[in-house]
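Okay, here's what each chain looks like letter by letter:
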Amino acid sequence: MKNIRTLFIILFFLCIFLRQVSAEETLTWGDCLAEAKKNHPDLISAVEGINEQKASKSITASGLYPQIGADIDASTAKKSTTSASTSTSDSYSYGLSGTQLVFDGFKTINDINAASENIKSAQQNYRFTSSEVRLNLRSAFINLLKAQELIQVAEDIVKIRRDNLILITLRYESGLEHKGALLTAEANLDEANFELSQAKRDVEFARRQLTKEMGRREFRPMHVKGDFAVRDPAKEKPNFEDIVKTNPSVLQAVAKKNSAAFSVRSAYGNFAPELSGTAGANKSSSHWPPDNDQWNLGLSVNMPIFEGGLKFAQVSQAKAIYNQAEANERSARDAAIVDLEQTWVALQDAMETVGVQRKSREASDERSKIAEAQ
């Protein structure tokens, strides 16, 4: 009976272990990309930034439409006429009133145009954020792929050095090797075991990094599959002046500059008189429901005369923001061209390095075969 209970316990823990092993999922680059697009917090924040700017434009555009309101009032008042008598009066009313902006020096129109450019800026910010997320995700994917490969390499090295230690031990015991060779072989095996442990820790870190770049809320064991092939060697140097025209950081700077230009026009619109139309209709009486009709129509003009230089300061501020945005656009364009040049150079260097290392590996393999045969 005791042996049967022990067997059940062993089977129980074995099932748990097998379930944990089977829970390790295998992901491709496409799987990681799709999950990051849906879950990455930076992308979610960028999308909400677009929604915010769209809402801001709707708020600004609402000023062009009629502003209509309804009101209803009911009140009573008590008044003493003499020491012995009082009078009470009631009042009831309800109605509608509205205003319509007629002219404001095109200030609202320019504010709407500036809001439209802010939407474009937010959209380009999403493109830029998306490219940054893909770059970081690709780096994390490659790091995990490389770490997985290094475990296999480290295990092969451990096997080779263990076999080498066994061989040297036999030669040392037979008097064909000195103790220094034996100690060196033992140190080499210890080093190989350390590198294997280090490779396993690197895999765990790479998994954590990939989990973060995919936007997952919880960590789950994973395994990735893919290759290291470069599908676009880009041997011919591209025209960076043309490429930079579609760069999201540059387009974002352009949109901000355009928004600032419309803000300057809007600031000048503050000097113009604001013309609005008003209308209203209501009923009022001392009893409910009221039956006395009233209505009104009118035009109102608001013209600033003196505000302590406020309007001039607003124009100066808007111009300064525009000049700053214009300088930022040029800076973004220059930085993008330099970054493209640097990235292309790094890619060429990396591809040539791979070619050199491949030949060195082939030479090492050949020397290893000769040494093994000898």
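Each value, and the rule that gives it
- Residues numbered from 1 in each chain as written.
- Predicted model: local features only at pLDDT ≥ 70, side-chain atom pairs only at ≥ 80, totals over all residues.
- Heavy atoms only, no water.
- Helix = DSSP H or I, 4+ residues; strand = E, 2+ residues; numbered from the N terminus.
- Rg over C-alpha atoms; globule rule 2.2 N^0.38 Å.
- Buried < 20%, exposed > 50% of the residue type's maximum accessible area, 1.4 Å probe, protein only.
- Contact = heavy atoms within 4.5 Å.
- Lys, Arg positive; Asp, Glu negative; His and termini not counted.
- Charge placed at Lys NZ, Arg CZ, Asp CG, Glu CD.
- Salt bridge = Lys/Arg side-chain N within 4 Å of Asp/Glu carboxyl O.
- Pairing = 2+ DSSP bridges.
- Axes fitted to C-alpha atoms, helices over the stretch in contact; angles between N-to-C directions.
- Phe/Tyr/Trp six-rings, centres within 6.5 Å; stacked < 30°, edge-to-face > 60°.
- Lys NZ or Arg CZ within 6 Å of the ring centre and 35° of its normal.
- Core = buried A, V, L, I, M, F, W, Y, C linked by side-chain atoms within 4.5 Å.
- Parallel < 35°, antiparallel > 145°, perpendicular 65-115°, else oblique.
- Nonpolar A, V, L, I, M, F, W, Y, C, P; charged D, E, K, R; others polar.

Of regular secondary structure, the protein possesses eight helices and six strands. Across the protein, helices and strands are ordered from the amino to the carboxyl terminus as α-β-α-α-β-β-α-α-β-α-α-β-β-α. Taken over the C-alpha trace, the protein has a radius of gyration of 38 Å; the compact-globule value for 374 residues is 21 Å, which it surpasses by more than 25%. Overall size of the protein, expressed as C-alpha extent along the three principal axes, is 135 × 75 × 35 Å. In the protein, which comprises 374 residues, the share counted as buried stands at 24%. The contacts of the protein with a sequence gap of at least 6 include a subset with a gap of at least 24, amounting to 78%. With 46 positive and 48 negative side-chain charges, the protein shows a separation of 2 Å between the mean positions of the two kinds.

This part takes up the environment of S286. Positionally, S286 belongs in the loop between β5 (274-285) and β6 (292-302). A C-alpha to C-alpha distance of 84 Å links S286 and K225, two positions 61 residues apart in sequence. Once you skip the residues sitting within four places of it in the chain, S286 turns out to touch D90, S91 and Y92.

In the structure shown here, the tally under the stated rule is 16 salt bridges. For E307, the salt bridge goes to K311, with nearest N and O atoms at 2.0 Å. For E307, a relative accessible area of 40% gives the class partly exposed. Classification of K311 by relative accessible area gives buried; the value is 13%.

An order of β2-β3-β5-β6 is seen for the four strands of this open sheet, with the pairing classed as antiparallel. Every other strand in the sheet has two partners, leaving β2 (67-80) and β6 as the edge strands with one partner each. When strand polarity is set aside, the average angle formed by the axes of neighbouring strands in this sheet is 20°. Strand direction decides the pairing type here: β5 and β6, joined by eleven bridges, are antiparallel. Within β6, the residue paired with K283 across the bridge is D293.

The next thing to look at is unusual backbone geometry. Across the junction of W288 and P289, the peptide omega takes the value -5°, indicating a cis bond. Looking at where P289 falls in the secondary structure, it is placed in the loop between β5 and β6. Even without a glycine there, the phi angle at F106 is positive, about 60°.

The subject of this paragraph is the packing of aromatic side chains. Centre distance and the angle of the planes are the two values used to describe a pair of aromatic rings. Tallied over the entire structure, the rule returns five aromatic pairs. By the ring-pair criterion, three or more aromatic residues cluster together here, those being Y92, Y94 and W288. In this structure, R138 is placed above the aromatic ring of W29, and the distance from its NZ or CZ to the ring centre is 4.7 Å.

We now examine the nonpolar core. Considering soluble globular proteins, one finds that nonpolar side chains tend to be buried as a cluster. With 29 residues, the main nonpolar core has C32, L144, L210, M214 and V224 as its most contacted residues. Those elements that provide at least two residues to this core are α2 (29-39), α4 (107-173), α5 (179-214) and β4 (222-224). In terms of residues, this core owes the most to one element, α4, which gives twelve residues. Contacts of L210, omitting those with residues within four sequence positions, involve C32, L137, A140, F141, L144, M222 and V224. V250, A336, I337 and W344 belong to the second largest nonpolar core, which has six residues in total.

Running from amino to carboxyl end, helix α3 (residues 41-61) crosses α4 at an angle of 175°, the nearest separation of the two axes being 9 Å. Here α4 runs roughly antiparallel to α3, going by the angle between their axes. For the contact of α3 with α4, a count of residues per class yields eleven nonpolar, ten polar and four charged.

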